[in-house]
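Here are the chains, one letter per residue:
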Amino acid sequence: MTKMFRTICLCLTLLLGGNQYALSQANTNERAEWFTDDRFGMFIHWGVYSGAEGFWKGEKLRHGNDYSEWLQYRNRIDGDEYLTLLDKFDWDAIDPEEWVILAKKAGMKYVTFTAKHHDGFALWDSKVRNYDIGNKSGPKRDILKELAAACKKHGLKLGIYYSHWIDWEHPNSWDHTREVYGISAEDYDQYWQEKVIPQMRELLTDYGPIGLIWFDMWKNHSETVVTKAQLMQLKSLIRELQPDTLVNSRLGLSVEEDNDVDFQSLQDNELGQFKKDYPWQTAGTISHSWGYFAKDTDWKSTSSMLRAIINNTSLNGNYMLNIGPRANGDIHPEMTKRLEEMGAWLNVNGEAIYGSGAFDLPKEMHDWGQITYRETDNGTHNLYLHIYNWPLSKEITLSGIKTKPTRVYALADKSQSSIPFNHQEVVAHLDLPAQQPDDFISVIVVEYDKKPDVAVDLAAMSVTGGYSLLPSNWISADGNQEIVPIARFGTIPPHVDVTSNSTYKWKVYIEAAGSYQVDTSYSFQEEGDEGRISIKASNASINHDVIPTGKTVGEPDEDWVIDNYHSSRFGTIEFPKAGYYEIEMNVEPKNSKAIKFQWVWLQEVKE
Ligand code: GLC
């Protein structure tokens, strides 16, 4: 995203009197510009626990959460014994530069390293507390220093993970057994002042420029032993020593509470749902565990991780993907393979990710994939359509954009040969080539000579050729709007319980006069009290007497009986000419008996 664009946005927000929240992030946005533009980074979980690979004295890591870096805590290992794991490290083989080289190959722009994880062991030559790699390992390597040098050499930024809240080494720190035995505020502060603060000082003084500090307290300070004053002390130290270093919200302060927190960390592997005006990030794993875990085989596919980057970019977010090297420094080939595939994809399609960001249409609007946007250096405004499933019909529709594109081409096509398109009022049909340009996710560039104008309230044309009218895309609701979330593994779809007369409206753009079939899916369980649903559009009305839909079995042999959601054919509606139409649905339950509405499907009847 260009600086100018961001400045314009900020001015607009000011002019329009945007909420204080958006305004308050202005400094943060400025400092975090590199982070927002870079979009993709590497997380490295590597430490003493890597020597165990998730096993201790023949026993697997306890607890189903299976995060191998928690081994010491889970399997109740004493500190001295824990450090015997260092004997498994092959110091001749370990080369942090290789991790950085892989990050670079993967198209990642920064590397965040677990300098001190919850076990409290420092992976740099710390002068604080004698519990560090410089004092406890044979060759006394300062892995952080080596990593910092490699990052500098290869042009990546260095981030530091530092576990501030939890530390299993210091006798007065937080360890979850304190939930039983407690700890006084004074004792905890002793840990803070004699370990956290001096170690952070070392990290911010001796290792060159630090791009970000990644703290890891996934709760607000008010629910923990850590005080806001301690967090402010820590943050001030960072600002004093390295004013450009970013700080994440797992410091224990939310972006809402403190507008000086630079970016929000979502929960582990949680992808973004909404566009946000401040920087945010998902930290994710390639398999399940963060640290190397011998039993882990839950490898995510390359395309699902590419979708994660695209999803987050399309909502102005960032994605940091983790590797857990082994105690000889090796990275599992399943990880390497995926990272290299992602790098190859970014090499071709990076324009749609780096420096690109959210566009003004809702996340789920198009069912063929997601959209990212940028203003290019040569003044064009590009939408990047990330097509997750190349359509059999070889056609997709981009709905909701009034501006006519100047040209359309595949990002993977070096010659940028034009893809034929047809734009009418607010829809563009693209005639895609038969062969998808990319094996994973193909990106189609739709170019405009100005920022495209949107019609935000439209329901889009589905890739299968119809309009899906849902509680999530209606434009008005006079009645219950609460969406009962998806349940029982999706056998109960999202729906709205309608118990009194209610009216819902959607807006569509119909491209040509024609006859459209109307189907509606609902569940109704109260025999004898059937109500009515009517659909009105284009001066016509179709009435439907609700039919009890009965029950169904969600999963065989598991006593899993659920209300049936069934599609009923309501009839057809004639649209006399092309144009915008409102589709209105009136639901009239009888005796307050719930009609559970799921969707309306509108599809042209082809001769
Ligand atoms: C959790 C875990 C930790 C891991 C982190 C990564 O907070 O405690 O082991 O480092 O998530 O996001």
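Procedures and definitions
Along each chain, the written sequence defines residue order, and numbers are assigned to residues from 1. pLDDT decides what is reported in this predicted model: residues at 70 or higher carry local features, side-chain atom pairs at 80 or more are listed and counted, and totals for whole chains, interfaces and linings draw on all residues regardless. Derived side-chain values reflect all non-hydrogen atoms in the structure, with water molecules and hydrogen atoms excluded from consideration. Stacked, tilted and edge-to-face pairs are distinguished by plane angle, under 30 degrees for stacked and over 60 for edge-to-face with tilted covering the rest, among Phe, Tyr and Trp rings (Trp via its six-membered ring) whose centres lie within 6.5 Å. The helix count covers DSSP runs of H or I at least four residues long, the strand count covers runs of E at least two residues long, and both are numbered beginning at the N terminus. Relative accessibility under 20% of the residue-type maximum defines a buried residue, over 50% an exposed one, and the middle range a partly exposed one, all with a 1.4 Å probe and only protein chains included. For two strands to count as paired, DSSP must find a minimum of two bridges between them. A fitted line through C-alpha atoms serves as each axis, taken over the contacting stretch for helices, and the angle formed by two N-to-C directions is quoted from 0 to 180°. Pairs of N or O atoms are called polar contacts if they sit within 3.5 Å, as long as, within protein, a hydrogen donor faces a hydrogen acceptor (for residues adjacent in sequence, only side-chain-to-side-chain pairs). Whether two residues touch is decided by their heavy atoms; if any such pair falls within 4.5 Å, the residues are in contact. Summary of the distance rule: residues count as near a molecule or strand when at least one heavy atom falls within 4 Å of that molecule or strand. All accessible areas in this document rest on Shrake-Rupley with a 1.4 Å probe, and a residue is counted as covered only by the protein chains that are shown. A pair is scored as a salt bridge if a Lys or Arg side-chain nitrogen falls within 4 Å of a carboxyl oxygen belonging to Asp or Glu. Each domain's extent is set by a domain assignment, obtained either automatically or from a database. Two parts lose some accessible area (1.4 Å probe) when they are put together, and adding that loss for both gives the buried area. Classification used: nonpolar for Ala, Val, Leu, Ile, Met, Phe, Trp, Tyr, Cys and Pro, charged for Asp, Glu, Lys and Arg, polar for all others including Gly. Our angle categories are set so that under 35 degrees counts as roughly parallel, over 145 as roughly antiparallel, 65 to 115 as roughly perpendicular, and the remainder as oblique. Definitions for this section: a left-handed crossing has its near helix turned counterclockwise from the far helix by less than a right angle. A right-handed crossing has that turn clockwise. Buried Ala, Val, Leu, Ile, Met, Phe, Trp, Tyr and Cys residues that are joined via side-chain atoms within 4.5 Å together make up what is termed a nonpolar core.

Draft legend 1. Region of interest: the packing of aromatic side chains. Across all of its chains, the model carries 32 aromatic pairs by this definition. Where Phe121 meets Tyr131, the ring centres are 5.3 Å apart and the plane angle is 80°; that geometry is what we call edge-to-face. Here the residue Phe121 occupies a position in the loop between β4 (110-116) and α8 (133-136), and Tyr131 occupies one in the loop between β4 and α8, the gap between them amounting to ten residues. Judged by its relative accessible area of 2%, Phe121 is buried. A relative accessible area of 9% means that Tyr131 is categorised as buried.

Draft legend 2. How the structure looks around the sheet that holds strand β13 (residues 395-399). A sheet is described by the order of its strands in space; here three strands give the open sequence β13-β16-β15, paired in antiparallel fashion. Unpaired on one side and paired on the other, β13 and β15 (421-424) mark the two borders of the sheet. Each strand of the sheet is rotated relative to its neighbour by a mean of 15°, with strand direction disregarded. Where β15 meets strand β16 (residues 427-431), four bridges bridge the pair, whose relative direction is antiparallel.

Draft legend 3. Looking closely at the sheet that holds strand β1 (residues 40-44). Taken in spatial order, the eight strands line up as β7-β6-β5-β4-β1-β10-β9-β8 in an open sheet, and their pairing is parallel. Each edge of the open sheet carries a strand with a single partner, namely β7 (246-247) and β8 (264-265). Sheet topology note: the β4/strand β5 (residues 157-162) ladder contains six bridges and is parallel. Note that in β5 the partner of Tyr110 across the bridge is Lys157.

Draft legend 4. Region of the structure containing the side chain of His366. Note that His366 resides in the loop between α14 (333-349) and β11 (369-375). Take His366: its relative accessible area is 6%, and that puts it in the buried class. Reaching out from His366, the side chain makes a polar contact with the backbone nitrogen of Ser399 at a distance of 2.8 Å. For His366, the residues in contact, after removing those within four places along its chain, are Leu361, Ile371, Thr397, Leu398, Ser399 and Ala460.

Draft legend 5. Just the site of the ligand, in detail. The local shell around the ligand holds 13 residues, among which His45, Glu69, His117, Asp216 and Asp268 are the closest. Between the ligand and His45, the relevant distance is 2.5 Å, taken from an oxygen atom to a side-chain nitrogen or oxygen of the residue. Contact between the ligand and Asp268: an oxygen atom at 2.8 Å from a side-chain N or O atom of the residue. When isolated, the ligand has an accessible area of 300 Å², and the protein chains bury 97% of it.

Draft legend 6. Broad picture of the pattern of salt bridges. On inspection of all chains with the given rule, the structure shows 36 salt bridges. A salt bridge links Glu257 to Lys228, with the nearest nitrogen and oxygen atoms 3.1 Å apart. Of the two residues, Glu257 sits in the loop between β7 and β8 while Lys228 sits in helix α12 (residues 228-241), which places them 29 residues apart along the sequence. By relative accessible area, Glu257 is classed as partly exposed at 33%. Given a relative accessible area of 33%, Lys228 falls into the partly exposed group. Look at the salt bridges and you will find they share partners, linking Arg31, Lys235, Arg239, Asp258, Asp260 and Asp262 into a network.

Draft legend 7. Region of interest: the domain arrangement of the protein chain. On domain assignment, one finds that the protein chain holds domain 1 (35-348), domain 2 (369-448) and domain 3 (467-604). Distance from the C-alpha centre of domain 1 to the C-alpha centre of domain 2: 38 Å. Contacts between the two partners involve eleven residues from domain 1, matched on the other side by eleven residues from domain 2. Across the domain 1 to domain 2 interface the summed buried area is about 1000 Å²; carbon plus sulfur atoms make up 68%. Counting every contact that joins domain 1 to domain 2 gives zero salt bridges. The tally of links between domain 1 and domain 2 comes to four residue pairs in polar contact (both at pLDDT 80 or more). Mapped onto the side of domain 1 that touches domain 2, the elements with two or more residues apiece are α13 (302-313) and α14. Ranked by residue count, the leading element in the side of domain 1 that touches domain 2 is α13, at seven residues. Partitioning the side of domain 1 that touches domain 2 into residue classes produces four nonpolar, five polar and two charged.

Draft legend 8. Geometry of the packing of helix α11 (residues 185-206) against α12. Direction vectors running N to C along α11 and α12 enclose 15°, while the axes themselves pass 10 Å from each other. The pairing of α11 with α12 is recorded here as roughly parallel in orientation. The way α11 lies across α12 gives a crossing that is right-handed. Only Gln230, Leu231, Gln233, Leu234, Leu237, Ile238, Glu240 and Leu241 of α12 make contact with α11, whose side of the interface consists of Tyr188, Asp189, Trp192, Gln193, Val196, Ile197, Met200, Arg201, Leu204 and Thr205.

Draft legend 9. Summary view of unusual backbone geometry. Of note in the backbone geometry, Arg76 takes a positive phi value of approximately 50° without being a glycine. Within the secondary structure, Arg76 sits in the loop between α5 (71-74) and α6 (79-82). Take Arg76: its relative accessible area is 45%, and that puts it in the partly exposed class. Phi at Asn316 takes a positive value of approximately 70°, unusual for a residue other than glycine. Following the sequence through the fold, Asn316 ends up in the loop between α13 and β10 (317-323).

Draft legend 10. View of the nonpolar core. With 115 residues, the main nonpolar core has Trp46, Met200 and Leu339 as its most contacted residues. Per-element tally for this core: the top contributor is α11, with eight residues. Here this core spans two domains, since at least three of its residues come from each of domain 1 (35-348) and domain 2 (369-448). If near-sequence neighbours (up to four positions away) are discounted, Trp46 is found in contact with Phe89, Trp91, Ile94, Trp99, Phe113, Thr114, Leu123, Ile143, Pro325, Arg326 and Ala327. Tyr467, Val496, Trp506 and Val587 belong to the second largest nonpolar core, which has 31 residues in total.

Draft legend 11. Here's a closer look at the packing of helix α7 (residues 96-105) against helix α9 (residues 143-154). Running from amino to carboxyl end, α7 crosses α9 at an angle of 35°, the nearest separation of the two axes being 8 Å. The two elements α7 and α9 meet at a crossing, and its hand is right-handed. Here Pro96, Glu97, Trp99, Val100, Ile101 and Lys104 of α7 come into contact with α9, specifically with Ile143, Glu146, Leu147, Ala150, Cys151, Lys153 and His154. Grouping the constituent residues of the contact of α7 with α9 by class yields eight nonpolar, one polar and four charged.

Draft legend 12. Highlighting the environment of Asp478. By the secondary structure assignment, Asp478 is in strand β19 (residues 476-478). Judged by its relative accessible area of 56%, Asp478 is exposed. For the pair Asp478 and Asn586, spaced 108 residues apart in sequence, the C-alpha to C-alpha distance is 9.4 Å.

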